[in-house]
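# Inside the fold
Listed below, chain by chain, are the residues.
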Amino acid sequence: MMVSDRRYRRILMPDSRWLEDGIVRIQDQRIAAVMSYENYLAEGGEALEQQPVSLLPGLIDSHVHGAMGHDVMDASHEALDAISAFLAQQGVVAFLATTVTAPVEKIRTALRTVKNSMKTGVSGATILGTYLEGPYFTGKNRGAHPQSFLRELDQIELEHWISVADGTLKAVALAPEKNGALSAIQFLKSQNINVMLAHTQATYDQAKAALQAGADGIVHCYNGMTGLHHREPGVVGAGLCCDSAYVELIADGHHVHPAATEVAWRCAGNRLVLVSDAMRAAGMPDGEYKLGELDVSMKDGVVRTEAGGLAGSTLRLNCAVENVSQWLALPLEKAWSLASQSPAALLGLENDLGSLAPGKLASMVELSDGGEVVATWVAGNCVYRQTGAQNDSVLEDVCI
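Reference entry: report on the structure contained in this document. (Residues numbered from 1 in each chain as written. Predicted model: local features only at pLDDT ≥ 70, side-chain atom pairs only at ≥ 80, totals over all residues. Heavy atoms only, no water.)

## Some words on the overall build of the protein chain
- For the protein chain, the helix and strand inventory stands at 12 helices and 20 strands.
- By the compact-globule yardstick of 21 Å for 400 residues, the protein chain fits well, its C-alpha radius of gyration being 21 Å.
- With respect to the three principal axes, the spread of C-alpha positions in the protein chain is 65 × 45 × 45 Å.
- Here the protein chain holds 400 residues, and 58% of them are scored as buried.
- Nonlocal contacts in the protein chain, meaning residues at least 24 apart in sequence, comprise 65% of its contacts between residues at least 6 apart.
- Taking the average location of the 30 positive side-chain charges in the protein chain and that of its 46 negative ones, the two points are 5 Å from each other. (Helix = DSSP H or I, 4+ residues; strand = E, 2+ residues; numbered from the N terminus. Rg over C-alpha atoms; globule rule 2.2 N^0.38 Å. Buried < 20%, exposed > 50% of the residue type's maximum accessible area, 1.4 Å probe, protein only. Contact = heavy atoms within 4.5 Å. Lys, Arg positive; Asp, Glu negative; His and termini not counted. Charge placed at Lys NZ, Arg CZ, Asp CG, Glu CD.)

Here it is as structure tokens:
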């Protein structure tokens, strides 16, 4: 049984309070205790050197397509591992491998590859499962999803995806105005699969009905959906006003204006979930890339289709946290929770991830005073350490 005690300048607690000069005890991949150094010594603990960093819960990217020239639709373990390693550099400890609209066989292959890579394991952030974004969308607001591959909802096909994924399909995005959408939502929820509303022309009433039928929320709020209007509140209005709906948001300054971000925050609060929606150009230089079946171009870090529409992002999730903190004048710890506690709640992972508490996985992030990710831990293993960062003997005992 491996036990390690580590002392930090401060530790972010589940109630967003900072524990100054704290100890975290890691035992068998999980957090065994979080306490003040003073109490630790009083209980007979040995003197420890304080790490000059803050310890926070790991981030969760619940909507990401790719990075570093790789994409989930490449359907290779190499691609998923590279994405995993890139995310770990941002303080991300877990992610949903997200597909795009494509031919059925390519989606099927991607689902199988994610399933197999979850069994094999990856070197950075852990894969939580697959997020099927498409092909059940509406043409007008399809974004970077090719019209020719959009499909109608079919329960037999949904059952096929579930069978292929073999327990690893965790979320499906769909347009709620599609024929059979409400029954599809109810079926997917009966299989413990999240449903998100996306790339849709739905009215407020249609979106509200879908949320009442069990849909969990809306995808990248404001983008690919009917907007908020005073006579027709649209999908945005339904998502912001429904107390059970989680609201994804891409806080890169391109997809959503800071003021619109504030509207979403004021309405949704802890239901707001920061996502990257990053694609293969993330971490890469400007140039030409592919997003699924589409040719896209990145200029100054912004990716667009040939028609000029936004095509995913190159956002790092820790940067999304910093942006929201600055735009809304939120304390870092509050903005951080929108990419840790909120996605954990959305995905039903509160017992394992999202905060630092006894019994939860030791999936956590060491952050410098300047906001830089110094190290990322996944289930007690250090999977990323900033070059040149201190690497003391205690760390060496438990890192891989």
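## Here we look at the sheet that holds strand β15 (residues 287-291)
- Taking strand neighbours across the sheet as the criterion, the 3 strands line up as β15-β16-β17 in an open arrangement whose pairing is antiparallel. Edge positions in the sheet fall to β15 and β17 (302-305), since each of these pairs with one other strand and no more. Between one strand axis and the next, the sheet turns through 35° on average, direction left out of account.
- As defined by bridge partners, β15 adjoins strand β16 (residues 294-299) across 5 bridges and the pair is classed as antiparallel. (Pairing = 2+ DSSP bridges. Axes fitted to C-alpha atoms, helices over the stretch in contact; angles between N-to-C directions.)

## Overview of the layout of surface pockets
- Approximately 500 Å³ is the volume found for the largest pocket.
- Taken together, the residues of the lining of the largest pocket break down into 9 nonpolar, 13 polar and 6 charged.
- By volume, the second largest pocket amounts to about 200 Å³.
- As for the second largest pocket, its lining consists of 14 residues, and the residues nearest its centre are Gly 121, Val 122, Gly 124, Thr 126 and Val 378. (1 Å grid on protein atoms, 1.4 Å probe; cavity = no way out; pocket = protein on both sides within 12 Å on 5 of 7 lines; lining within 4 Å. Points joined across faces, edges and corners; volume = space filled by probe spheres on them. Nonpolar A, V, L, I, M, F, W, Y, C, P; charged D, E, K, R; others polar.)

## Observations concerning unusual backbone geometry
- Here Gly 134 and Pro 135 are connected by a cis peptide whose omega angle stands at 20°.
- When you line up the elements, Pro 135 lands in the loop between β9 (126-133) and α4 (155-165).
- Although it is not a glycine, Asp 300 adopts a positive phi angle of roughly 55°.
- Relative to the elements of secondary structure, Asp 300 occurs in the loop between β16 and β17.

## Things to note about helix α9 (residues 317-327)
- Along α9, the residues classified as buried are Leu 317, Asn 318, Ala 320, Val 321, Asn 323, Val 324 and Ser 325.
- Along its buried surface, α9 packs onto β5 (59-64), β8 (92-98), α8 (258-268), β14 (272-274), α10 (332-337) and β19 (373-378).
- Of the residues one or two after α9, Ala 329 is the one with positive phi, at around 55°.

## Observations concerning the pattern of salt bridges
- The final tally for this structure, using the stated rule, is 15 salt bridges.
- The closest approach of N and O atoms between Glu 366 and Arg 6, which form a salt bridge, is 3.3 Å. Taken together, the residues Glu 366 in strand β18 (residues 364-367) and Arg 6 in strand β1 (residues 3-12) connect sequence positions 360 residues apart. Assigned by exposure class, Glu 366 and Arg 6 land together as buried.
- In this structure, a network of salt bridges that share partners links the residues Arg 6, Glu 366 and Arg 385. (Salt bridge = Lys/Arg side-chain N within 4 Å of Asp/Glu carboxyl O.)

## Some words on the nonpolar core
- Grouped together as the largest cluster of nonpolar side chains are 116 residues, with contacts concentrated most on Leu 169, Leu 174, Leu 188 and Leu 274.
- Tallying contributions element by element places β8 first for this core, with 6 residues.
- The contact partners of Leu 169, leaving out residues within four places of it in the chain, are Leu 111, Thr 130, Leu 132, Trp 161, Ile 162 and Ile 193.
- If you look at the next biggest cluster of nonpolar residues, it comprises 17 residues, including Val 53, Leu 356, Val 374 and Ala 375. (Core = buried A, V, L, I, M, F, W, Y, C linked by side-chain atoms within 4.5 Å.)

## Here's the deal with the packing of aromatic side chains
- For the coordinates displayed, the defined rule picks out 1 aromatic pair.
- Taking the ring centre of Tyr 37 as reference, the NZ or CZ of Arg 7 above it sits at 3.6 Å.
- The ring of Trp 18 carries Arg 10 above its face, with NZ or CZ at 3.6 Å from the centroid. (Phe/Tyr/Trp six-rings, centres within 6.5 Å; stacked < 30°, edge-to-face > 60°. Lys NZ or Arg CZ within 6 Å of the ring centre and 35° of its normal.)

## Examining the state of the cysteines
- With the rule as written, the count across this model stands at 0 disulfides.
- Between Cys 241, a free cysteine, and Cys 267, which holds the nearest cysteine sulfur, the sulfur-to-sulfur gap is 6.0 Å.
- Look at Cys 241 and you get exposed, because its relative accessible area is 57%. (Disulfide = S-S within 2.5 Å.)

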